[in-house]
Every structure is written in C-alpha cells, then in structure tokens.
Amino acid sequence: MIPLIIDCDPGIDDALALLIAAGSPEFQILGVTAVAGNRPVDITSMNACRILDAASREDIPVYSGCPRPLAYPQARCNSVHGEDGLGGAQMPTRRSPAPAHATQFIVQTLRDAPAGSITVVAVGPLTNLAMAEIMHPGILSRARSLLVMGGAAFCSGNITPSAEFNFYADPLAAHIVMQAGIEVKLFGLDVTSKAIMSTEWIASFQEMHSTCGTAARTMLDAYANRDPLLHDACPVAYLLDPALFSGESCSVAVSWQNGPSEGHTTVWRSDRRNKPFPANAVVFTDVDSVRMLSLVRQRIAQLP
Ligand code: BDR
Ligand code: CA
C-alpha cells in the first residue's frame, strides 16, 4: 500500500481525486489536508469531510489549513466549482476537521515516518506545503514522492494568460515548494488539458445509482460546461498506473512577484544549456485519456 497525504481545495475535480483515492485499495490515506483555493478554507475543509463520508471513509482524518496565500491578506478563490465548491452535490457530514492544523499534520507525519516512505499529492494552492517547508526546512524532501497539480509549463494559463490557477492563487508558495530540494512530479495544464471528460463518459454516470455515483454525476454536470478537465485526478491516476502518463525532466521556476506574470511557470528542458539550476521536476505533457477515464470511472463505481 502507498501511504499518502492529499492536500486539496475541493473543488469538483479535487472531489473526484479524493473519491478515486478513497476507492483504491492501493492507498493508505493517512490524512487529507485542506487549503483555501477554489473556495475559502472553511468550505474546502468541510467539503473534504463530506466527500470522505460519502465514500464511507470516516476513518480518514481531515485537517484544515491556511486561509490565505503567503503574500496576500485574502484568498484568491474562483467560481468555477459553484458557491459550495461541489456544484450543488448533496453530501451530508456530521464531522468537523480534526483539531490540528494541516501544516502541523504534514510536518509531524513526514518527520515521524521513515524518510522516503510517504507520498504527498497536492492539488490546490501550495500554501500548506510551503508553510511546512518554512517551519521545518527540508521537511518536504523527506517524502517518497511529491506530486503537484499546478502550472502551465509549455502552454497558456487558465486564470491569467500566463498562469494556472493553483500557482496563481499562491505564487510564493509554489516557488518555495519548487525550490524545496525534492523532484516534483508536475501535472500542469500541459497534461491536464488532455484529460478531457467526454460527454459520453459523463453520461455513463447516470447508470451509477450509488451515493458516490450520484454525487459524481451532479458534480460533473455542473463542471462540464465550465472546465471539462480532470486536472486533480491526474496525479492520483498516475500513482495507480504510471504508464498512462509521459513527461520529461526539467528545471522549473515560478514567478512570484506581483504583476502580470505572477504565477507563470518558466521551464528549461534538460538538454538546454545555461539552465539556472539543475532539474527539479518531471513535467508531464501527455496522458492516455481514454484509459484514464475508464480507470476513474471504475474506481468510483467501487464506492458506496
Ligand atoms: C486547478 O484549479 C482548480 O480550479 C482545480 O481544482 C485544479 O486544482 C486547475 O487549474
Ligand atoms: Ca484543486
């Protein structure tokens, strides 16, 4: 089993990523941490509780994290996922997040486990992870692997012409994480823009009458017109079947200064001369989307 921390801002595609992970026996999910991003952190934290409870995974603790980016007083949210962040899907919960802060949980879990044993998947703004690195320099490099949904390496952005939402929402945090000394597996828009949900695939959820199947259908119906891409499911699908994806080793920098290029990803391919620093990421650029969609549906179908 892969011991896993998932840091997220649910968000509909975050919800799908959580459902796939919750329905996959390959993972031991140690905790889910929430951050401000798609919605404010009180909403994303409660959404994580809702999603895990829908999947009958009350055993997985949820920790609420940072309410705002490092350099700005207010969260940079978006409206793509609806007011509630879940496109109106009803997923009741009776619990609240655990008392510890998300950053505390990340630090303690990585510190207490043997180095190189825990995988971290981050699919929201990187504030919680950057805070962990600030509190304990070197903590992120204790992870076995760090998978991030963020950035637009060789393509345009989706929130500004030059920036992808997660990197734009906390560019300084993205910069800190990319420079933390661990090779980041980076699932940016280059690859997630190819993880397209087809109309037939969305329609196929109508045959799923389970709690999670019904919730997935409502969320997908709400999301499809706005952003029909399975961004956050990509790193989770990668852990289940790495052969679905291809990418290349690169040196990646994030622009964090305020201005029009805030959150921009600058990438030097490994064969380029004059790289400012050695490769710090594998930038994924392609996915077998047909097989990925089938994997995602199959895992959600296994849930209650
Ligand atoms: C990212 O932004 C959010 O809206 C999604 O949840 C995803 O993590 C895509 O740019
Ligand atoms: Ca997200």
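Worth saying up front: this structure is predicted, and the values here are computed from it rather than measured. (Residues numbered from 1 in each chain as written. Chains lettered and ligands numbered in written order. Predicted model: local features only at pLDDT ≥ 70, side-chain atom pairs only at ≥ 80, totals over all residues. Heavy atoms only, no water.)

Enquirer: I'd like a rundown of helix α2 (residues 41-54), residues and numbers included.
Expert: With 14 residues, α2 ought to run about 20 Å at 1.5 Å a step, and its terminal C-alpha atoms sit 20 Å apart, in line with that. With respect to burial, α2 is a largely interior element, 10 of its 14 residues being buried. Of the positions making up α2, those classed as buried are V41, T44, S45, N47, A48, C49, I51, L52, D53 and A54. Phi for S56, located one or two positions after α2, is positive at around 55 degrees. (Helix = DSSP H or I, 4+ residues; strand = E, 2+ residues; numbered from the N terminus. Expected span 1.5 Å × (residues − 1). Buried < 20%, exposed > 50% of the residue type's maximum accessible area, 1.4 Å probe, protein only.)

Enquirer: Outline the site of ligand 1, listing residues and values.
Expert: Close to ligand 1 lie 13 residues; D13, N38, N158, E164 and D232 are nearest. Compared with its free state, where it exposes 280 Å², ligand 1 has 98% of that area covered by protein. In this structure the site holding ligand 1 corresponds to the largest pocket. Of all elements in the fold, only α1 (12-22) and α5 (165-169) reach the threshold of two or more residues within the shell around ligand 1. Grouping the constituent residues of the shell around ligand 1 by class yields 3 nonpolar, 6 polar and 4 charged. (Near = heavy atom within 4 Å. Areas by Shrake-Rupley, 256 points an atom, 1.4 Å probe, with all protein chains shown as cover. 1 Å grid on protein atoms, 1.4 Å probe; cavity = no way out; pocket = protein on both sides within 12 Å on 5 of 7 lines; lining within 4 Å. Sits in = over half its atoms within 2 Å of the grid points. Nonpolar A, V, L, I, M, F, W, Y, C, P; charged D, E, K, R; others polar.)

Enquirer: Go over the coordination of the calcium ion (ligand 2), please, and point to the residues and values.
Expert: Surrounding the calcium ion (ligand 2) are the protein donor atoms D9 (OD), D14 (OD), D14 (OD), V123 (O) and D232 (OD), at 2.3 to 2.6 Å. Sequence spacing among the residues donating to the calcium ion (ligand 2) works out to D-x4-D-x108-V-x108-D. On the criterion of sequence distance, the pair formed by D9 in the loop between β1 (2-8) and α1 and V123 in the loop between β4 (119-122) and α4 (127-135) is long-range, its members being 114 residues apart. Like D9, the residue V123 is buried in the burial classification. (Donors = N, O, S within 2.8 Å, 3.2 Å for Na, K, Ca; no water.)

Enquirer: I'd love a proper account of the side chain of T192, names of residues and values included.
Expert: Tracing the sequence through the fold places T192 in helix α7 (residues 189-192). The class for T192 is buried, based on a relative accessible area of 0%.

Enquirer: I'd like to hear about the packing of aromatic side chains, residue by residue, with values.
Expert: In this structure the tally under the stated criterion is 9 aromatic pairs. Taking the centre distance of 4.9 Å and the plane angle of 80 degrees together, the rings of W201 and F205 count as edge-to-face. The burial state of W201 is the same as that of F205; both residues are buried. Between the aromatic rings of Y238 and F245, the centroid separation amounts to 6.0 Å while the plane-to-plane angle is 65 degrees, which identifies the pairing as edge-to-face. Judged on exposure class, the residue Y238 and its partner F245 are both buried. Through successive ring pairs, a cluster of aromatic residues spans F187, Y238, F245 and F284. In this structure, R76 is placed above the aromatic ring of Y72, and the distance from its NZ or CZ to the ring centre is 4.3 Å. For the cation-ring pair, R297 lies above F205, with the distance from its terminal atom to the ring centre recorded as 5.7 Å. (Phe/Tyr/Trp six-rings, centres within 6.5 Å; stacked < 30°, edge-to-face > 60°. Lys NZ or Arg CZ within 6 Å of the ring centre and 35° of its normal.)

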